[in-house]
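Residue-level structure breakdown
If you want the building blocks of each chain, they are given just below.
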Amino acid sequence: MNKHLLLLLAVFFFLSCQREGGEQIIDLNKGWSFTQAGEDNWQSAEVPGAVHSDLLRLDEIPDPFYRFNEQKVQWIEEQDWVYRKVFNVDPSQLLKDRVELVFKGLDTYAEVYLNDSLIIDADNMFLPWQAEVKDILRPDSNELRVHFQSPVRIGMKKLQALSYVLKVANELAPEGEQTNIFTRKAPFHYGWDWGPRLVSSGIWRPVFLRAWDVAHIRDIFLSPELVSKERASYFAKLNVEAEAPARVELQLQINKGSVVDTTVSFQLETGHNELALPFAINSPQLWWSNGLGEAHLYDVAVTLLVNGHRLQTVEERLGVRSIELVQEPDSIGRSFYFRLNGVPVFMKGANYIPSEIFTASQTTNTYERAIQDAVAANMNMLRVWGGAIYEDDEFYDLCDEYGLLVWQDFMFACALTPGDSTYLENVRKEAEYNVRRLRNHPSMALWCGNNENLIAWHNWGWKESYEPEDRDFIWQTYERIFYSILPDAVEKYHPQLSYWASSPSSYGDKLPDRLSGDEHDWTVWFNEAPYENYWNKVPRFVSEYGLQSFPPMKTIRAFADTSDLSYRSPVMEHRQRSNMPWIGPGVNGNEMIRRYLLRYYRAPKDFESFVYVSQLSQALGMRTAAEAHRGTMPRCMGSLYWQLNDCWPTMSWSSTDYFGRWKASHYAFREAFREVHLIPREENGQLQVRIVSDNLEPQEARLTLNLLTLDGKMLWEEQSDITVVPNTADIYYERPVEEFSRGLNSGELVLQLQLTNQQGNLLSHNLHYFVRPKELDLPDPGLDWEVAADPQGYLITLRTEKLAKDVYLRFPETAGDFVDNFFDLLPGESRTLLFETEERIDDPMQALRVMTLYDSYTQVGEVQ
Ligand code: BMA
């Protein structure tokens, strides 16, 4: 072989090694600075992040969560902001076939310049943005600049270009300022009835360079063909982009090759290639939702190889499960339930909103806290509501792991939309991207088009407010988005999942009628109905219902001064965003909290008691609702309350507050969502005892009823042996109410209900009072307690002589959680429970605060 040939071969070998190296990801999240546009005040920035979070970290603005400070930072939304980063790249990376700059999320109107070339012009927060930059990059001193334009200014221009005003729910924006409608950005940033208006901008998801040779897997879908206990067969459907024609191999391994190990060779053409790789798992371990079994996940790795060299490995997790939304005609109308692996499952859960108003600040930890709280309260579904964001991948990963199913809305809520072709095309891209991004998660159960847009159009006076021509166009736009663009994206990319156009609605895209479809049951709260109303004409699936309360005092103190501590103080009024002028002038959420409270409870003696009783009142209503929903299973097959969490410290419908503190209602949901639950209820003069069971097997059990006076006299006991029917609710006991209270004052009685299995273990318990809490003749309970140190915190032992109703424990100065709280102690009962904390308390007996309902009103006074 001559020298030249040798040299040529060597060069060829070197180049092919270079060309066939693996994909490289270069993180660009560090080293950013930012300034207001038009100024030269460069300061350090955090990416992912937001302008407000950066300004706050730098002490440039006051804490927007404190008192009225939200108003002081409104100027930020009117400004443009520039983010900048200078970076070098390794020359070897520039030898790659392709070098792409990827922003996983830009919020929202952003022009991106690399070395003064405009490479991206972004206008949708819910899309990633990327550009080919190989020809622009140089080895050193690359400058990346992202110029964010004020979203409200651009929105206003679009608003003014229309001859009519597109409607958005009243409380969300004053007439003439509904600019959020025009921008594909989290609607709740502009204010909602539980959140502040803080319209930020920023690089809200990671940014990186991706360099690759030959070919790149753009997308992978583990598409199920058949799922059964015996066998699960799939196609791994890949979209591979090739730089030039190439012969490649694709290797698919499950659990490092121990379950599946298959390699197929493909010929790629330049550009996009659709490939399908079949695989099957025999006797698969199925993925189950929380409460029904293990949420089993397989690890899948797909590797792209050329000439034996690895180019790229994509890792996914696979949960083998089938899920269907079943809407079959029945004696009521049509069912609306989810069938998981062939089993009808009652959905117990909540609506999730982002845990931070500055959405980039959500971390895996905040996600994990919310998801663990949901699991601890025996939930199996969360609804990702359409006024916020398609959450980060980590959220769905955690739902996969914990067995929480996800009802996923597209991001449209309580508003009309523009209908121009640019907007519709933007929506199409957003839908396709997010469907593709989330479709491999076994937790995904449903795609839903919008939140309340259908009822808003028909029932909120919107339709009537337009000239016929505009009305037709707006409605056609609705049909295009919700009956065509979004369902087409689901059909094309995730055909295994059902699509539901609007929540709430009934079968056939009709207005909700409680006979089919889902319902937002707001007769309680927005229409002032009593809690008992939850039992009337129970819907087929309740995807929203709720009641507000105040958060714990510690949380209130994070946003209020001592002088603000009354329920209608200016600070409390400012923070309350739910207004109901139709109920009466000036009626808002704070007033509504008071009205409900006084309907069921005696007037609290001071603000602290008011806060505590507001939570009891919320818990009582929520428990009534959850019991009505579960108690009428299978008519009703879902109970998702509004709302799991908060995005800032506030009074709201949440059951856990901004800091993750559980309100009384979260403990109540934990009880009401237990696998087997006893539900006592008075109806037409009868006391009925229902049992709902999520168990899939019948269960032999003993039902015990004890009638007691509040000071501890045992009046009567009855036992019966029963078989609890699986996966449904039924009435197991019935007796006229007057037979319990004959000759006695019903305000002095409590009925204890217990369900035990054949081994005598408690399956479920509940208490029934024959009057509202305010009509109870509560005695001074004579409660006593001791505190003992424990490796995990402190053990509190409580003893009571007489009924202690709604015992509330707290250590005001210490961070930690009580494993149980807001419970009733029966006369003579004692209970030991743990306060989990890592802190040491000097004098725990002194530090512990114990409150009961009796204490809340014993010095009678007006609500402040
Ligand atoms: C619902 C939601 C939200 C709202 C909540 C409380 O209907 O869809 O729009 O925040 O009620 O009003």
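What comes next is a walk through the structure. Just so it is clear, the structure is predicted and the values come from calculations on it, not from any experiment.

Now for the packing of helix α14 (residues 607-631) against helix α15 (residues 664-672). As a packed pair, α14 and α15 sit with axes 8 Å apart at the nearest point and diverge in direction by 20 degrees. In terms of axis orientation, α14 runs roughly parallel to α15. Regarding α14 and α15, the two cross each other, and that crossing is right-handed. Contacts between α14 and α15 pair Q615, L616, Q618, A619, M622, R623, A626, E627 and R630 from the former with A664, S665, A668, F669, E671 and A672 from the latter. Looking at side-chain class alone, the contact of α14 with α15 contains 8 nonpolar, 3 polar and 4 charged residues.

Moving on to the pairing of strand β21 (residues 309-318). With 9 bridges connecting them, strand β20 (residues 298-306) and β21 associate as antiparallel partners. Pairing of V306 across the sheet is with H309, part of β21.

In space, the 3 strands of this open sheet follow the order β22-β23-β24, with antiparallel pairing throughout. The open sheet is flanked by β22 (323-326) and β24 (343-345), the only strands paired with a single partner. Put simply, the sheet's adjacent strands are angled 35 degrees from each other on average, direction ignored. Pairing of strand β23 (residues 337-340) with β24, which is carried by 3 bridges, proceeds in the antiparallel orientation. Among the inter-strand pairings, L340 is bridged to a residue of β24, identified as V343.

What follows deals with the nonpolar core. F103 and L106 are the most contacted members of the largest nonpolar core, which totals 263 residues. When residues in this core are grouped by element, the largest group, 11 residues, is from α14. Contact partners of F103, with chain neighbours within four places excluded, come to W32, V112, I120, P128, W129, L144, V146, I203, P206 and V207. In this structure, L703, L707, L749 and L751 belong to the second largest nonpolar core, which totals 20 residues.

For the structure shown, the criterion picks out 7 cavities of 30 Å³ or more. When its volume is computed, the largest cavity comes out at roughly 140 Å³. In this structure, the largest cavity is lined by 16 residues; those nearest its centre are N180, I181, R184, P187 and A415. A breakdown of the residues in the lining of the largest cavity according to their chemical character gives 10 nonpolar, 4 polar and 2 charged.

Procedures and definitions
- Residues numbered from 1 in each chain as written.
- Predicted model: local features only at pLDDT ≥ 70, side-chain atom pairs only at ≥ 80, totals over all residues.
- Heavy atoms only, no water.
- Axes fitted to C-alpha atoms, helices over the stretch in contact; angles between N-to-C directions.
- Helix = DSSP H or I, 4+ residues; strand = E, 2+ residues; numbered from the N terminus.
- Parallel < 35°, antiparallel > 145°, perpendicular 65-115°, else oblique.
- Left-handed = near helix turned anticlockwise from the far one by under 90°.
- Contact = heavy atoms within 4.5 Å.
- Nonpolar A, V, L, I, M, F, W, Y, C, P; charged D, E, K, R; others polar.
- Pairing = 2+ DSSP bridges.
- Core = buried A, V, L, I, M, F, W, Y, C linked by side-chain atoms within 4.5 Å.
- Buried < 20%, exposed > 50% of the residue type's maximum accessible area, 1.4 Å probe, protein only.
- 1 Å grid on protein atoms, 1.4 Å probe; cavity = no way out; pocket = protein on both sides within 12 Å on 5 of 7 lines; lining within 4 Å.
- Points joined across faces, edges and corners; volume = space filled by probe spheres on them.

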